[in-house]
Amino acid sequence: MYKKILLPLLFVGALFTSKTSHSQANRLQKNQKTVTYNANIDKPLSASEMAMINEVYGSTANKNILTKPQRLKDIKNILRNRVEIKQISNPSDQKKCTLLSDVPLMDYYVYDLKRDTSFNPETFNPLKYLFNFYSYGSHMYRVDNTNYFIIIKSQHQ
């Protein structure tokens, strides 16, 4: 008796779940934006970019970045197009945001990776930090005790 009742209920439940999952997948697909890369992504890595990758990925740089074309493209895009450092001296133009010291280090591959003791916008390595690189919006961080702000631009611009 229970089998006669449960079997149709299971079928209807599976059908409902399937349709719900399908409609959610369609909705997500419509909301996803394609990442468009600038032409500068096609240029080879510079010596400083290679040094930044090696600093963060160490002996795994080849395996995790350099031999993975899409991953390398994403890293080049971050370094060349998506990180902007601005000095904003006027306090009324400054916004409250996360301090760089509050952003965790990306020390998964190089366990003894250290924070910079001083900030130099010319040599700053954004790959060292677990910035929110892959969100849909842009994010801003303040370098502690300075008027420097790091802007991570969305990849979906």
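As the structure is a prediction and not an experimental result, all values here were calculated from the model. Positions within a chain are numbered from 1, following the residues in the order the chain's sequence is written. Only residues with pLDDT of at least 70 get local features here, since the model is predicted, and only at 80 or more are side-chain atom pairs given and counted; chain-wide, interface and lining totals rely on the full set of residues. Calculation of side-chain values draws on the structure's entire complement of heavy atoms; hydrogens and water are dropped beforehand.

1. Considerations on the confidence of the model for the protein chain
Turning to step 1, where the next piece is worked out: The predictor attaches a confidence to each residue, and that confidence, scored 0 to 100, is pLDDT. Confidence in the prediction of the protein chain, expressed as mean pLDDT, is 86, and 79% of residues score 70 or more.
Turning to step 2, where the next piece is worked out: Helix numbering and strand numbering both begin at the N terminus, where a helix is a DSSP run of H or I of at least 4 residues and a strand a DSSP run of E of at least 2. At the level of individual helices and strands, the protein chain shows its lowest average pLDDT in helix H1 (residues 2-31), which scores 53, and its highest in helix H2 (residues 47-57), which scores 98.

2. Describing the pairing of strand S4 (residues 148-152)
Turning to step 1, where the next piece is worked out: Extensive coverage of S4 is indicated by the burial of five of its five residues.
Turning to step 2, where the next piece is worked out: When strand S3 (residues 139-142) meets S4, the two strands line up antiparallel, connected through four bridges. For His 139, the partnering residue across the bridge sits in S4 and is Ile 152.
Turning to step 3, where the next piece is worked out: Here, any two strands with at least 2 DSSP bridges between them count as paired. Adjacent in sequence and paired antiparallel, S3 and S4 are bridged by five residues, among which Asn 145 carries a positive phi angle near 55°. Burial classification: accessible surface area is computed with a 1.4 Å probe over protein chains only, and a residue below 20% of its type maximum counts as buried, one above 50% as exposed, and the rest as partly exposed.

3. Let's talk about helix H4 (residues 69-82)
Turning to step 1, where the next piece is worked out: To estimate the expected span of a helix, count its residues, drop one, and scale the result by 1.5 Å. Between its first and last C-alpha atoms H4 spans 18 Å; for 14 residues at 1.5 Å apiece the expected length is 20 Å, and the two agree.
Turning to step 2, where the next piece is worked out: Inspection of H4 places Leu 72, Asp 74, Ile 75, Lys 76, Asn 77, Ile 78, Leu 79, Asn 81 and Arg 82 among the buried residues, and these make up the whole buried set.
Turning to step 3, where the next piece is worked out: Where H4 is buried, its residues contact H2, helix H3 (61-66), strand S1 (83-87) and S4. Here, residues are in contact when the closest pair of their heavy atoms is within 4.5 Å.

4. Examining the side chain of Glu 49
Turning to step 1, where the next piece is worked out: Among the structural elements, Glu 49 can be located in helix H2.
Turning to step 2, where the next piece is worked out: Of note is the side chain of Glu 49, whose polar atom sits 2.8 Å from the side chain of Arg 80.
Turning to step 3, where the next piece is worked out: Apart from the residues lying within four places of it in its own chain, the contact partners of Glu 49 are Pro 44, Leu 79 and Arg 80. Polar contact is defined as a pair of N or O atoms within 3.5 Å, subject to the rule that within protein one atom must be able to donate a hydrogen and the other to accept it, and that residues adjacent in sequence are counted only when both atoms are side-chain atoms.

5. Focus: the packing of aromatic side chains
How two aromatic rings sit relative to each other is given by the distance of their centres and the angle of their planes.
Turning to step 1, where the next piece is worked out: The rule is short: rings of Phe, Tyr and Trp, with Trp giving its six-membered ring, pair when the centres are within 6.5 Å, and they are stacked under 30 degrees, edge-to-face over 60, tilted in between. Counting across every chain of the model gives nine aromatic pairs.
Turning to step 2, where the next piece is worked out: Each ring, one from Phe 131 and one from Phe 133, has its centre 5.8 Å from the other, and the planes form 80°; the classification is edge-to-face. Of the two residues, Phe 131 and Phe 133, both sit in the buried class.
Turning to step 3, where the next piece is worked out: Ring pairing ties together the aromatic residues Phe 119, Phe 124, Tyr 129, Phe 131, Phe 133, Tyr 134, Tyr 141 and Tyr 148, which thus form one cluster.

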